[in-house]
Protein chains: 2
Amino acid sequence: MPDDAPDGPAAGRPRGSYAKGLARRQEILDRAIEVFARRGSEGTSLRSIAQEIGVSHAALTHYFSSREDLLVEVYKEAERRGDSEHPHADDASPVEIMTASARHNHGVPGLVQLYSTLVAAALEAGHPAATAFATDRFAAVRADLVERVLRDQAAGRMREDVDPDAVASLVIAASDGLQTQWMLDESVPQSEALELLARLLAP
Amino acid sequence: MPDDAPDGPAAGRPRGSYAKGLARRQEILDRAIEVFARRGSEGTSLRSIAQEIGVSHAALTHYFSSREDLLVEVYKEAERRGDSEHPHADDASPVEIMTASARHNHGVPGLVQLYSTLVAAALEAGHPAATAFATDRFAAVRADLVERVLRDQAAGRMREDVDPDAVASLVIAASDGLQTQWMLDESVPQSEALELLARLLAP
């Protein structure tokens, strides 16, 4: 049996094997993140990803049911890792959070490409994993930013005459859209535009 | 010879045939726009597009060198048509233009999907037509909006302490990003967020 043979919960193995399966899945995810951070999602079939990270195609499809499923899990894991390595201060403003993300993203263009690929797939029919990922992620980020807007308004750090939901959606949109424009043309004033938005929202 | 056989400039035919080729290309584009407006770009190989619009695969590949090339031309033509049917007033502000686009786009979700697919492809290596399209389109829209910002500032309709380039990039980003969020969740306050941005930019 090859070292990377399927070994997860679906196999109905005892506890030790299940833990081993989780570890193996994590290991595959770790290597896949490196591949995507370097190359983006372009031309990456499950077969070519398996080859590049050095596992069998069977092992990869055991842990990830489809290419879309793997892309979603790679992005979520990379983001979780980024969040734990660079946690946001409790009192960071919405725009500060997005500016920090933009700075971090400049170093991992492959993951930015992967994000935009997932969001584009999410808008099309037939990509349930991407649609669920993008819908849930936007909802979670909006909810976090709404809390921060309310906190900033209560502390007198943000105008009181702006609707928190509208601000949250606007800041996310500005951040995502500026990132896209900057990726295509580095002369686009990405950080200046985010600073402008922060200034406009100041009391 | 089938009715939709290649008949373009590359064939080196006399003038009448060239005009006929252009008309044929336009006819194919018209039908393709209907297909994409209805379905988006999901699962549309050149072969299946040819079948759906009722032309031979050979004819389609004569006029459009690749699927990516066809997608770009379909989007550009649909946008040109939208612009000529609903021209923007000379004195329309940047946010007014984006709000009008958003309203128009709600009626053609397939074209919005196509746009996001093209922009995502543009960020990846290996899609020169999409990359050129997205880079040029962003540059052209930014240039138009910068003019409008300057006009609005001169007329006292916009704050003078904002950089026109930053405003232009920010308005485009907000518009694109809000559209994406709204497509995934119609409870997202798309128009409220655009109105908020307009209000923040007012003198």
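If you check an unreviewed UniProt entry, chain A appears there as TetR/AcrR family transcriptional regulator from Microbacterium aoyamense.

Residue and element names in this part refer to chain A. Tallied over the full model, the rule gives 4 aromatic pairs over all chains. Plain terms: the ring middles of Tyr 75 and Phe 133 are 5.6 Å apart, the flat faces sit at 70 degrees to each other, and that makes the pair edge-to-face. Within this pair, whereas Tyr 75 is found in helix α4 (residues 67–85), its partner Phe 133 is found in helix α7 (residues 128–154), the two being separated by 58 residues in sequence. Considered together, Tyr 75 and Phe 133 belong to a single accessibility category, that of buried residues. Ring-pair connections join several aromatic residues into one group, and the members of that group are Tyr 75, Tyr 115 and Phe 133.

What follows concerns the interface of chain B and chain A. In this assembly, 44 residues from chain B lie in contact with 44 residues from chain A. Summing both sides of the interface, chain B and chain A together bury roughly 3,700 Å²; the carbon and sulfur share of this comes to 67%. Taken as a group, B:Leu123, B:Leu184 and B:Leu200 account for 19% of the area that chain B buries against chain A, more than any other trio of residues on that side. Run the count over chain B and chain A and you get 4 salt bridges.

Another aspect to go through is the UniProt feature "DNA-binding region" (unreviewed entry) in chain A. Following the UniProt record, one finds the feature "DNA-binding region" (unreviewed entry) at residues 45–64 of chain A. Secondary structure within residues 45–64 of chain A divides into 75% helix and 0% strand; the distance between the first and last C-alpha atoms comes to 13 Å.

On to the packing of helix α8 (residues 164–184) of chain B against helix α9 (residues 190–201) of chain B. All names here are of chain B. At a minimum axis separation of 9 Å, α8 and α9 run at an interaxial angle of 165 degrees. Between α8 and α9, the interaxial angle falls into the category roughly antiparallel. α9 is crossed by α8, and the crossing has right-handed handedness. Packed against α8, whose contacting residues are Val 167, Leu 170, Val 171, Ala 174, Ser 175, Leu 178, Gln 179 and Trp 182, the element α9 presents Gln 190, Ala 193, Leu 194, Leu 197 and Leu 201 at the interface. Residue composition of the contact of α8 with α9, grouped by class: 10 nonpolar, 3 polar and no charged.

For the rest of this paragraph, the subject is the domain arrangement of chain A. Residue and element names in this part refer to chain A. With domains assigned, chain A is organised as domain 1 (9–64) and domain 2 (68–201). Computed from C-alpha coordinates alone, the two centres of domain 1 and domain 2 are separated by 27 Å. Listed as interface residues are 16 residues of domain 1 and, on the opposing side, 13 residues of domain 2. For the pair domain 1 and domain 2, the summed buried area comes to about 1,200 Å², and 71% of that belongs to carbon and sulfur atoms. Here domain 1 and domain 2 share 2 salt bridges between them. Notably, a salt bridge pairs Arg 25 with Glu 73, separated by 3.6 Å at the nearest N-O pair. The element contributing the most residues to the side of domain 1 that touches domain 2 is helix α1 (residues 15–39), with 9 residues.

Residue and element names in this part refer to chain B. Summarising the element assignment, Gln 179 is placed in helix α8. Taking the relative accessible area as the measure of exposure, Gln 179 reaches 9% and is therefore buried. Excluding residues that lie within four positions of it along the chain, Gln 179 makes contacts with Ala 102, Asn 105, Val 112 and Gln 190.

If you rotate chain B by 180 degrees and push it 0.0 Å along the axis, it lands on chain A with an RMSD of 0.0 Å. What we have between these two chains is a two-fold relation. Taking C-alpha positions as the reference, the residue of chain B nearest the rotation axis is B:Ala174, at 2.2 Å. Both copies share a contact surface, since 100% of the interface residues of chain B are interface residues in chain A too.

Rules of the game
Residues numbered from 1 in each chain as written. Chains lettered and ligands numbered in written order. Predicted model: local features only at pLDDT ≥ 70, side-chain atom pairs only at ≥ 80, totals over all residues. Heavy atoms only, no water. Phe/Tyr/Trp six-rings, centres within 6.5 Å; stacked < 30°, edge-to-face > 60°. Helix = DSSP H or I, 4+ residues; strand = E, 2+ residues; numbered from the N terminus. Buried < 20%, exposed > 50% of the residue type's maximum accessible area, 1.4 Å probe, protein only. Contact = heavy atoms within 4.5 Å. Buried area = accessible area lost by both parts, 1.4 Å probe. Salt bridge = Lys/Arg side-chain N within 4 Å of Asp/Glu carboxyl O. UniProt positions renumbered as here; feature names shortened; annotations may be inferred. Axes fitted to C-alpha atoms, helices over the stretch in contact; angles between N-to-C directions. Parallel < 35°, antiparallel > 145°, perpendicular 65-115°, else oblique. Left-handed = near helix turned anticlockwise from the far one by under 90°. Nonpolar A, V, L, I, M, F, W, Y, C, P; charged D, E, K, R; others polar. Domains from an automatic or database assignment. Least-squares fit on C-alpha atoms with pLDDT ≥ 70 in both.

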